[in-house]
Amino acid sequence: MLQYLKRSAAYILSKRALFVLLTVMVVIPGVALLVTDGLHKKHVQEFLNYARFVLWWVSLGVASSIGLGSGLHTFVLYLGPHIALFTIKAVQCGRVDLKTAPYDTILLKQAPSWLDKKCSEFGSPMYPSSDHSVMIPVFDLLPQVQLEAVLWGIGTALGELPPYFISRAARLSGSELEAVKELDVAPSSEDGPIASTVNRTKRWLLSHSQHLNFFTILILASVPNPLFDLAGIMCGQFGIPFWEFFFATLIGKAIIKTHIQTLFIISLCNNQLLYFMEKELIWIFEHIPGFSATLPSVIAKLHSAKEKYLSPPVTVSPSQMEDKQWNFSFALVWNTVVWLVLVNFFIKIVTSTAQDYRKRQQDIEMELITDSSPQNHSKTN
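From a predicted model like this one, the values you see are computed outputs, not experimental measurements.

**Re the overall build of the protein**
Counting its regular elements, the protein contains 15 helices and two strands. Here the protein holds 381 residues, and 30% of them are scored as buried. Nonlocal contacts in the protein, meaning residues at least 24 apart in sequence, comprise 76% of its contacts between residues at least 6 apart.

And the structure:
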């Protein structure tokens, strides 16, 4: 980190005039707008809210796809739960206009305003209920969470750029990237079945690199694909133009794949899917001999489970909190998992950075040894 900071400081000092000009034109007016009071204060605050919203979701997308397969799974940790919570709340209240603004979402150290509100604060339900459940069309819920989902998808597309640029730089320098060299090594008998399958898939993808174009990149980016990092490396290694690679990745990840995942989460948490599952289970039990008598009790249990699943959280008094403070809960387990994933992600970043730094040192040492060997040999002669 000290090496990176020294390098950044040296770059800023070398571009001193540009840095001073940027400070005068951007930083000073920005600070003046934040400090001074006036009619612009409301608009500045709104701009900051949108900027933080965009930066948060794009950064989560970048963290999800960067790191050659070792990225942080931010869809499972952040975007997926956010979509699920909004869908469940909308089903509970029978309304979709829960947000006060587009940026009223889960942010860093900030929960959305609609999460803890009672349904009576939003008004009467806008969607009629049938059989004690509210039916909200999926495409009425989608626009309410679409912006943050697309921003997250844009971040995942940006996170796929480093493998492409690294591979292209290696190709221009006349060398071959380590990830491509590893595929030329014969498979080891020590590899497990999953590792050997993944390696065979990578080799097949590398052998069909001549078919890489806009549409194949689009297809690879449009589905959950852990091997897309290799596709980015191959695009850089075999000279696919940058804009062709980036636009195909952007459309596939930010539009197609993101909407598939978002629609899946909405359908999973919507009453419509629960109602469909209930109908299918009833149909199955009706055709099984001996289960027709137990059908009413099964339906009653399904209804009670659904009402418990979709019911708002019950407020707990301080005395009850003291009695249950050591009890395990889903929130405790989930937060523990999140922290373990964050620590693992941090360890991987530190390890990868240290390995790259050590490799550069060893390359410099080998160059010095290679340069000094002929000189030493000539001196001895």
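Continuing now.
**Some points on the packing of helix H9 (residues 214-222) against helix H11 (residues 242-269)**
Two measures define how a pair of helices packs: the angle their axes make with one another and the distance between the axes. Two numbers describe how H9 lies on H11: the axes approach to 7 Å, and their chain directions differ by 35°. Our pair here, H9 against H11, has a crossing hand that is right-handed. Listed contacts from H11 to Phe214, Ile217, Leu218, Ala221 and Ser222 of H9 are Glu244, Phe245, Phe247, Ala248, Thr249, Ile251, Gly252, Lys253, Ile256, Lys257 and Ile260. Here the residues of the contact of H9 with H11 sort into 10 nonpolar, three polar and three charged.

**Brief notes about the pattern of salt bridges**
In this structure the tally under the stated criterion is four salt bridges. When the shortest N-O distance is used, the salt bridge between Asp363 and Lys359 registers 3.4 Å. Here the residue Asp363 and the residue Lys359 both occupy positions in helix H15 (residues 330-380), the gap between them amounting to four residues, near one helical turn. Looking at Asp363, the relative accessible area reads 37%, which means it is partly exposed. Residue Lys359 is classed as partly exposed on the basis of its relative accessible area, which comes to 39%.

**A few points about helix H2 (residues 16-35)**
One full turn of an α-helix is made of 3.6 residues, so residues set three or four places apart face in the same direction. Here H2 contains 20 residues, and its C-alpha end-to-end distance of 26 Å stays within 8% of the 28 Å for a straight helix at 1.5 Å per residue. In H2, a bend of some 35° at Thr23 exceeds every other bend along the element.

**What to know about the UniProt feature "transmembrane region" (unreviewed entry) in the protein**
In the UniProt entry, the feature "transmembrane region" (unreviewed entry) is given for residues 16-35, 55-79, 212-233, 245-269, 281-300 and 328-350. Annotated as 100% helix and 0% strand, the span residues 16-35 places its first and last C-alpha atoms 26 Å apart.

**Topic: the environment of Arg168**
Residue placement: Arg168 occurs in helix H6 (residues 161-172). Given a relative accessible area of 30%, Arg168 falls into the partly exposed group. Residues Arg168 and Phe242, 74 residues apart in the sequence, show an inter-C-alpha distance of 9.5 Å. Excluding its chain neighbours within four sequence positions, the residues that come into contact with Arg168 are Gly236 and Phe242.

**Observations concerning the side chain of Gln261**
With respect to the element layout, Gln261 can be found in helix H11. Owing to a relative accessible area of 16%, Gln261 belongs among the buried residues under this scheme. Apart from the residues within four sequence positions on either side, Gln261 is in contact with Phe75 and Trp152.

**Remarks on the packing of helix H3 (residues 40-65) against helix H5 (residues 138-159)**
At a minimum axis distance of 6 Å, the contact between H3 and H5 shows a crossing angle of 45°. Classified by the angle between their axes, H3 and H5 sit oblique to one another. Considering the relative orientation of H3 and H5, their crossing is right-handed. Touching Phe53, Val54, Trp57, Val58, Leu60, Gly61, Val62, Ser64 and Ser65 of H3 are Leu147, Glu148, Leu151, Trp152, Gly155, Thr156, Leu158 and Gly159, all from H5. Residue classes in the contact of H3 with H5 are distributed as 10 nonpolar, six polar and one charged.

**Digging into the state of the cysteines**
Considering all chains together, one arrives at one disulfide under this definition. The partner cysteine of Cys93 in its disulfide is Cys119, sulfur to sulfur 2.1 Å. In this structure, the disulfide formed by Cys93 and Cys119 twists by about -70° around the S-S bond and is classed as left-handed. Within this pair, whereas Cys93 is found in helix H4 (residues 74-93), its partner Cys119 is found in the loop between H4 and strand E1 (129-130), the two being separated by 26 residues in sequence. Judged by relative accessible area, Cys119 falls into the partly exposed class, the value being 26%.

**Some points on the packing of aromatic side chains**
The full count for this structure, using the stated rule, is 14 aromatic pairs. Plain terms: the ring middles of Tyr164 and Phe242 are 6.0 Å apart, the flat faces sit at 45° to each other, and that makes the pair tilted. Residue Tyr164 is located in helix H6, and its partner Phe242 is located in helix H11; the two are separated by 78 residues in the primary sequence. Residue class for Tyr164 comes out buried when judged on its relative accessible area of 0%. Members of the aromatic cluster, connected to one another through ring pairs, are Tyr164, Phe165, Phe242, Trp243, Phe245, Phe246 and Phe247. Taking NZ or CZ as reference, Lys99 lies 5.8 Å from the ring centre of Phe86, over its face.

Conventions we followed
- Residues numbered from 1 in each chain as written.
- Predicted model: local features only at pLDDT ≥ 70, side-chain atom pairs only at ≥ 80, totals over all residues.
- Heavy atoms only, no water.
- Helix = DSSP H or I, 4+ residues; strand = E, 2+ residues; numbered from the N terminus.
- Buried < 20%, exposed > 50% of the residue type's maximum accessible area, 1.4 Å probe, protein only.
- Contact = heavy atoms within 4.5 Å.
- Axes fitted to C-alpha atoms, helices over the stretch in contact; angles between N-to-C directions.
- Left-handed = near helix turned anticlockwise from the far one by under 90°.
- Nonpolar A, V, L, I, M, F, W, Y, C, P; charged D, E, K, R; others polar.
- Salt bridge = Lys/Arg side-chain N within 4 Å of Asp/Glu carboxyl O.
- Expected span 1.5 Å × (residues − 1).
- Bend = angle between axes of the 7 residues up to and from the residue.
- UniProt positions renumbered as here; feature names shortened; annotations may be inferred.
- Parallel < 35°, antiparallel > 145°, perpendicular 65-115°, else oblique.
- Disulfide = S-S within 2.5 Å.
- Phe/Tyr/Trp six-rings, centres within 6.5 Å; stacked < 30°, edge-to-face > 60°.
- Lys NZ or Arg CZ within 6 Å of the ring centre and 35° of its normal.

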